[in-house]
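# Structural description and commentary
Take a look at the letters that make up each chain.
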Amino acid sequence: MRESEIASILAKFESENGAYALVVRGLSVWRLLRAPVGLSLQNLPLVIPPLPPADLIAASVRSLINIIRVQSNGARYAVKTYSSALRIMGRNGYEDVYFEQLLREIPNGIRMHSLNAAGFSGRLNGPSKTNLDCTVVPVLGTTLARLFPVKEGEEVFERLSRLLQERFGLVQFSASRISRMFSSFWWQSRIYEWILNRLGVRTVIAADSGERALLAASHRLGIRFIELQHGVYTPEDPDCLPATSIACVAEPALLLPDVLAMYGEYWTDRHAGTAMGRLGRLHAVGASVIDKFRALRIRDFRTDPNCLKLVVTTQGMDREALIRFLADFLDLYTNPCILIIKLHPVYDVSKAPYINAFSSDPRVQIIGGNAEPSAFALISHSDFHISIASACHYDAIGIGTPTVVLGLAGHTTVTDLVTAGYALFADTPSVLKDIVSGQTSRITDSEPSIFFRHGFVQNLLPLIA
């Protein structure tokens, strides 16, 4: 189902059952469940590969030692990021696509990071005064949740489980699972509270909306919490709370950040009617990585009309259909070209399906999600960017590269780009051939600052306490 359909279904469920008011220890349990329930209902063909156990164990041991030894070093702020964010090779190794420029230009910052994807374990910066490995926190939270579950929430967990099974048939959300989810969140928040107390920071900046345990810990300590927009974050996203939520329960129970730092005015305008919009907590700050690669495209990219360069970014979504689509396109488009398939750093860990499909076509290159060049570098040096519903569609617009939405499962998340004329749409391989061949009118250049405000660090700095 489309995100808009899911949003309507969830809104009706919340209205009929007072879902937000089901509170345990001052926190709305439904707030924690809303996103996973929404994703279950949407049932996207998305594969999320687990971390290799050996990598997770080794990282957790290093992380535990790192956390035990952590001491205050006079840091003013902390950022929370992930190993998969270390995707751009710099002078001194891999750099963080979210925070590298901020940490370099604004002193007294500390990087909190976690291992979150296969192939990135060697990139986590070692223990130091400016790096703190937090990989073990969810592991400890899950363990403590089983040993010491939150008992006083049993009635709430039972009620939510019953409602979800009766209304949606979601038998996977049993009362015991909901209990484990809440208990793990609770224990993680207590561990983060201890860490933040040791660090003594005044502001925490997280790279996406999933850091609710860190948010809860920050709020208990009176620390300012800034959440960066991550990827395609629409008002219909199940992780985005509607304005009606703030009338249902005390606002602190909803675990809302103090600031939602968005890419540009396009996004703040779209979110004006959400809970965060109504609370006046939206700020357009941009993204430093987009500033960097737009400048590189303007400086370096020159098209070769005799051999176009096309980059396809994957998402682990509808993989088999995507491979068939691209194979049929290549059969139709017989001109010389370079078609680069850049795999998602988290959801597409294996090249095998693509190698099996395209190894006989010399025009195709397959690049792993954890390999150079980065998706940003590839997009900045390509004639077209192509994907289903990737955040890279917006990145491409910000960088200045024409982007094409493929009409496969999940594409409706970004149809607004097509409707508004910012992106092209190919529902068949034949249409994609016409677009690439120039037989379909191309999009006109849009002002990238609408999507990505220029000057990320300068825009974010006034928001840091």
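Before going into details, it helps to say that this report is about the structure given with it. All figures in this text were calculated on a predicted structure; none of them were measured in a lab. (Residues numbered from 1 in each chain as written. Predicted model: local features only at pLDDT ≥ 70, side-chain atom pairs only at ≥ 80, totals over all residues. Heavy atoms only, no water.)

## Considerations on the packing of helix H6 (residues 154-168) against helix H7 (residues 175-199)
Basically, it comes down to this: The axes used here are C-alpha line fits, helices contributing only the stretch in contact, and every angle between their N-to-C directions lies in the interval 0 to 180 degrees. A run of DSSP states H or I qualifies as a helix once it reaches four residues; a run of E qualifies as a strand once it reaches two. Both are numbered from the N-terminal end. Orientation labels follow simple angle bins: below 35 degrees gives roughly parallel, above 145 gives roughly antiparallel, 65 to 115 gives roughly perpendicular, and whatever is left gives oblique. Throughout, a crossing is termed right-handed when the near helix is turned clockwise from the far one, and left-handed when it is turned anticlockwise from it by less than a right angle. Every residue pair with non-hydrogen atoms within 4.5 Å of one another is taken to be in contact. Put simply, Ala, Val, Leu, Ile, Met, Phe, Trp, Tyr, Cys and Pro go in the nonpolar bin, Asp, Glu, Lys and Arg in the charged bin, and everything else, Gly too, in the polar bin.
The N-to-C vectors of H6 and H7 enclose an angle of 125°; their axes lie 8 Å apart at closest approach. Between H6 and H7, the crossing angle belongs to the class labelled oblique. Both H6 and H7 take part in a crossing whose hand is right-handed. The residues of H7 that touch H6, namely those facing Phe157, Glu158, Leu160 and Ser161, are Ala175, Ile178, Ser179 and Phe182. Grouping the amino acids of the contact of H6 with H7 by side-chain chemistry returns five nonpolar, two polar and one charged.

## A look at the pattern of salt bridges
How we decide: Every case where a carboxyl oxygen of Asp or Glu lies within 4 Å of a side-chain nitrogen of Lys or Arg is listed as a salt bridge. Here's how the labels work: a residue is buried when its accessible area is under 20% of the maximum for its type, exposed when over 50%, partly exposed in between, all with a 1.4 Å probe on protein chains only.
Using the criterion set out here, one finds 16 salt bridges in the structure. For the salt bridge of Arg190 with Glu193, the shortest nitrogen-to-oxygen distance reads 3.4 Å. With Arg190 and Glu193 both in helix H7 and three residues apart, the pair spans about one turn of that helix. Looking at Glu193, the relative accessible area reads 14%, which means it is buried. A salt bridge links Glu251 to Arg281, with the nearest nitrogen and oxygen atoms 3.2 Å apart.

## Thoughts on helix H2 (residues 29-42)
To keep things clear, this is the line we draw: One fewer than the residue count of a helix, multiplied by 1.5 Å, yields its expected span. The quantity called bend is, for any residue, the angle between two axes fitted respectively to the seven residues ending at it and the seven beginning at it.
Its 14 residues give H2 an end-to-end C-alpha distance of 21 Å, which sits within 8% of 20 Å, the value for a rise of 1.5 Å per residue. Of all bends in H2, the biggest is about 30°, found at Ala35, and the proline Pro36 comes one to four residues later. Counting buried residues along H2, eleven of its 14 residues qualify, which places the element largely inside the surrounding structure. Val29, Trp30, Arg31, Leu32, Leu33, Arg34, Ala35, Val37, Gly38, Leu41 and Gln42 are the residues of H2 that are buried. The inward-facing, buried residues of H2 contact helix H1 (3-17), strand E1 (23-24), strand E2 (27-28), H6, H7 and helix H8 (212-220). Asn43 sits one or two residues past H2 and shows a positive phi near 55°.

## So, the sheet that holds strand E14 (residues 364-367)
As a reminder, the rule being used: Any two strands between which DSSP finds at least two bridges are classified as paired.
Overall, parallel pairing links the six strands, which are arranged E14-E13-E12-E15-E16-E17 in an open sheet. This sheet does not close on itself; its edge strands, each paired only once, are E14 and strand E17 (424-426). In this sheet, adjacent strand axes meet at a mean angle of 25° when their direction is disregarded. Bridge count between strand E13 (residues 337-342) and E14: four bridges; the pairing is parallel. Bridge pairing in E14 places Lys342 opposite Ile367. Its contacts with the sheet put helix H12 (residues 319-332) on strand E12 (308-313), E13, E14, strand E16 (403-406) and E17, and the angle it makes with E13 is roughly 175°. Along the sheet, helix H15 (residues 392-399) contacts E12, strand E15 (384-387) and E16; its crossing angle with E16, the most-contacted strand, is approximately 165°.

## Overview of a nonpolar patch on the surface
The test is simple: What makes a patch is a set of residues exposed beyond 30% relative accessible area and free of salt bridges, joined within 9 Å when like-charged and within 5 Å when nonpolar (Val, Leu, Ile, Met, Phe, Trp, Tyr). In these tables, accessible area is a Shrake-Rupley quantity obtained with a 1.4 Å probe, and a residue counts as shielded only by the protein chains included in the view.
A contiguous nonpolar surface patch, about 270 Å² in accessible area, is contributed by Ile57, Val61 and Ile65. Mapped onto the secondary structure, Val61 falls in helix H3 (residues 53-68). Accessibility expressed as a relative area gives 47% for Val61, which makes it partly exposed.

## Considering the state of the cysteines
The line we're drawing: In what follows, a disulfide is any cysteine sulfur pair within 2.5 Å.
With the rule as written, the count across this model stands at zero disulfides. Free of any disulfide, Cys248 has its nearest cysteine sulfur in Cys240, 15 Å distant.

## Observations concerning the environment of Glu154
Along the chain, the position of Glu154 falls in helix H6. As for Glu154 and Ala175, which are separated by 21 residues in sequence, their C-alpha atoms are 7.6 Å apart.

## So, the nonpolar core
Cut-off, in case you're wondering: Throughout, nonpolar core names a set of buried Ala, Val, Leu, Ile, Met, Phe, Trp, Tyr and Cys residues whose side chains join them through atoms within 4.5 Å.
The biggest cluster of nonpolar side chains holds 147 residues, and the ones touching the most others in it are Trp30, Leu102, Met112, Ile205 and Ile341. Discounting residues that sit within four places of it in the chain, Ile205 has contacts with Tyr77, Ala78, Val79, Lys80, Phe99, Leu102, Ile226, Leu228, Leu460 and Ile464.

## A look at the packing of aromatic side chains
So the rule is basically this: Within 6.5 Å between ring centres, the rings of Phe, Tyr and Trp (the latter by its six-membered ring) count as paired, and their orientation is classed by plane angle as stacked under 30 degrees, edge-to-face over 60, tilted in between.
This structure, assessed with the given rule, holds 16 aromatic pairs. Centre to centre, the rings of Phe13 and Trp30 are 5.1 Å apart; their planes meet at 45°, and the pair counts as tilted. With a gap of 17 residues between them, Phe13 in helix H1 and Trp30 in helix H2 connect regions that are remote in the sequence. Owing to a relative accessible area of 0%, Trp30 belongs among the buried residues under this scheme. An angle of 35° between the planes, with centres 4.8 Å apart, marks the rings of Tyr263 and Phe452 as tilted. Taken together, the residues Tyr263 in the loop between strand E10 (259-262) and helix H9 (265-270) and Phe452 in the loop between helix H17 (429-437) and helix H18 (456-460) connect sequence positions 189 residues apart.

## Quick look at H8
Residue pairs spaced three or four apart in an α-helix point in one direction, given the helix's 3.6 residues per turn. For H8, the tally of buried residues reaches seven of nine residues, placing the bulk of the element in the interior. Among the residues of H8, Arg212, Ala213, Leu214, Leu215, Ala216, Ala217 and Ser218 are the ones counted as buried. Its buried side turned inward, H8 meets H2, strand E3 (77-82), strand E6 (109-114), H7, strand E8 (203-206) and strand E9 (224-228). Looking one or two places after H8, you find Gly222, whose phi comes out positive at around 75°.

## Notes on the sheet that holds strand E7 (residues 131-133)
Taken together, the seven strands give an open sheet; going across it, the order is E7-E6-E3-E8-E9-E10-E11, and neighbouring strands pair in parallel fashion. Edge positions in the sheet fall to E7 and strand E11 (282-284), since each of these pairs with one other strand and no more. Across the sheet, the axes of successive neighbouring strands diverge by a mean angle of 25°, strand direction being ignored. Pairing analysis gives three bridges linking E10 to E11, with the strands arranged parallel. By the bridge assignment, Ala261 is partnered in E11 with His283.

## A look at the side chain of Glu211
Spelled out, the test is: The term polar contact refers here to a pair of N or O atoms within 3.5 Å; inside protein, the definition further demands a hydrogen-donor-capable atom paired with an acceptor-capable atom, and it admits residues adjacent in sequence only when both atoms are side-chain atoms.
Here Glu211 is to be found in the loop between E8 and H8. On the accessibility criterion, Glu211 (11% relative accessible area) is buried. A polar contact is formed between the side chain of Glu211 and the side chain of Lys80, at a distance of 3.1 Å. Those residues in contact with Glu211 that lie beyond four places of it in its chain are Lys80, Tyr82, Tyr192, Ala206 and Phe225.

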